[in-house]
Amino acid sequence: MRILIAEDEEKLTKYLKKGLEESSYVVDIALNGMDGLHLATHEAYDLIILDIMLPEYDGLSILKDVRNAGIKTPVIFLTAKDSIADRVDGLNIGADDYIVKPFSFHELLARIRACLRRSSHKATSELTVADLTLDPMTRKVFRGKKKIELSPIEFSLLEYLMNNAGQVVTRTMISEHVWDSNFESFSNVVDVHIAKLRSKIDRDFDLKLIHTKRGAGYVIEE
Ligand code: CA
């Protein structure tokens, strides 16, 4: 899961990035409003955390632009402004939650999880492609009746493919969602993990589910 934080207090961003990375999230930081807007509209995130009072461009304007661009990514406001009017403004223009500073990291983490759960019920219900099933809650994977053991990275990769079943996902999309932003996009890491996944998911079965689209990426489908 990839998260964007637009926040100008550098110390706070470092603290949040470290904490969220320890919880296995991939985190990008924008220290001003224009960078925040650019990243929010040009990169793919699962969640955006926005400060309201940001240099160059404020968080409410960023959210308006993001929603006007048709981007439905859940947004949590993180701000020192605590008046009722600000909260109402934020929620009215499409924020999903609102946290007032100072806050505890554990509260933020709980709100992030709740927000991600609400934003995609896919994330809590079983994913199925042909006789392959993946349960995001129990983290169990079956091909027919055969239980398949996956490493955490293979599980994330398969979950991403199955969430996009029938659609081609590029190596860049995979690296953005499954690995962190320091990922070397010219490396063959994606291919290596796909090969490992295939050996577990497809090798012993007549019906192959993971397909290579030459020059484009991968797709999982019957
Ligand atoms: Ca600020």
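Please read all numbers here as calculations on a predicted model, not as lab measurements.

So, the pattern of salt bridges
Part 1 of the reasoning: Going through the model one piece at a time under the given rule, you end up with 17 salt bridges.
Part 2 of the reasoning: Here Arg-143 ties to Asp-202 by a salt bridge, and the two come within 3.2 Å at their closest N and O atoms. Of this pair, Arg-143 sits in strand E8 (residues 140-143) while Asp-202 is found in the loop between helix H8 (189-201) and strand E10 (210-213), placing the two residues 59 residues apart along the sequence. Each member of the pair, Arg-143 together with Asp-202, is buried.
Part 3 of the reasoning: In this structure, a network of salt bridges that share partners links the residues Glu-7, Glu-9, Asp-51 and Lys-101.

Details of the coordination of the calcium ion
Part 1 of the reasoning: Within the protein, the atoms that donate to the calcium ion are Asp-8 (OD), Asp-51 (OD) and Met-53 (O), at distances of 2.1 to 2.4 Å.
Part 2 of the reasoning: Asp-8 gets classed as partly exposed once you look at its relative accessible area, which sits at 33%.

Section: the domain arrangement of the chain
Part 1 of the reasoning: Examined at the domain level, the chain breaks down into domain 1 (2-118) and domain 2 (127-220).
Part 2 of the reasoning: Computed from C-alpha atoms alone, the centre-to-centre distance between domain 1 and domain 2 is 29 Å.

Considerations on the sheet that holds E8
Part 1 of the reasoning: Spatially, the 4 strands line up as an open sheet ordered E6-E7-E8-E9, and their pairing is antiparallel. Taken across any chain shown, the strands that pair with only one partner, and hence form the sheet edges, are strand E6 (127-129) and strand E9 (146-148). Within the sheet, the average angular offset between the axes of one strand and its neighbour, ignoring direction, is 20 degrees.
Part 2 of the reasoning: Sheet topology note: the E8/E9 ladder contains 3 bridges and is antiparallel. Of the residues in E9, the one forming a bridge with Val-141 is Ile-148.
Part 3 of the reasoning: On the sheet, helix H6 (residues 152-163) packs against E6, strand E7 (132-135) and E8 and is oriented at approximately 110 degrees with respect to E7.

Regarding the packing of helix H1 (residues 10-22) against helix H5 (residues 105-119)
Part 1 of the reasoning: Close contact between H1 and H5 brings their axes to 11 Å; oriented N to C, the two are set at 60 degrees. In terms of axis orientation, H1 runs oblique to H5. H5 is crossed by H1, and the crossing has right-handed handedness. Between H1 and H5, the contacting residues are Tyr-15, Leu-16, Gly-19 and Leu-20 on the first element and Phe-105, Leu-108, Leu-109 and Ile-112 on the second.
Part 2 of the reasoning: In the contact of H1 with H5, the residues fall into 7 nonpolar, 1 polar and no charged.

Rules behind the numbers
Residues numbered from 1 in each chain as written. Predicted model: local features only at pLDDT ≥ 70, side-chain atom pairs only at ≥ 80, totals over all residues. Heavy atoms only, no water. Salt bridge = Lys/Arg side-chain N within 4 Å of Asp/Glu carboxyl O. Helix = DSSP H or I, 4+ residues; strand = E, 2+ residues; numbered from the N terminus. Buried < 20%, exposed > 50% of the residue type's maximum accessible area, 1.4 Å probe, protein only. Donors = N, O, S within 2.8 Å, 3.2 Å for Na, K, Ca; no water. Domains from an automatic or database assignment. Pairing = 2+ DSSP bridges. Axes fitted to C-alpha atoms, helices over the stretch in contact; angles between N-to-C directions. Contact = heavy atoms within 4.5 Å. Parallel < 35°, antiparallel > 145°, perpendicular 65-115°, else oblique. Left-handed = near helix turned anticlockwise from the far one by under 90°. Nonpolar A, V, L, I, M, F, W, Y, C, P; charged D, E, K, R; others polar.

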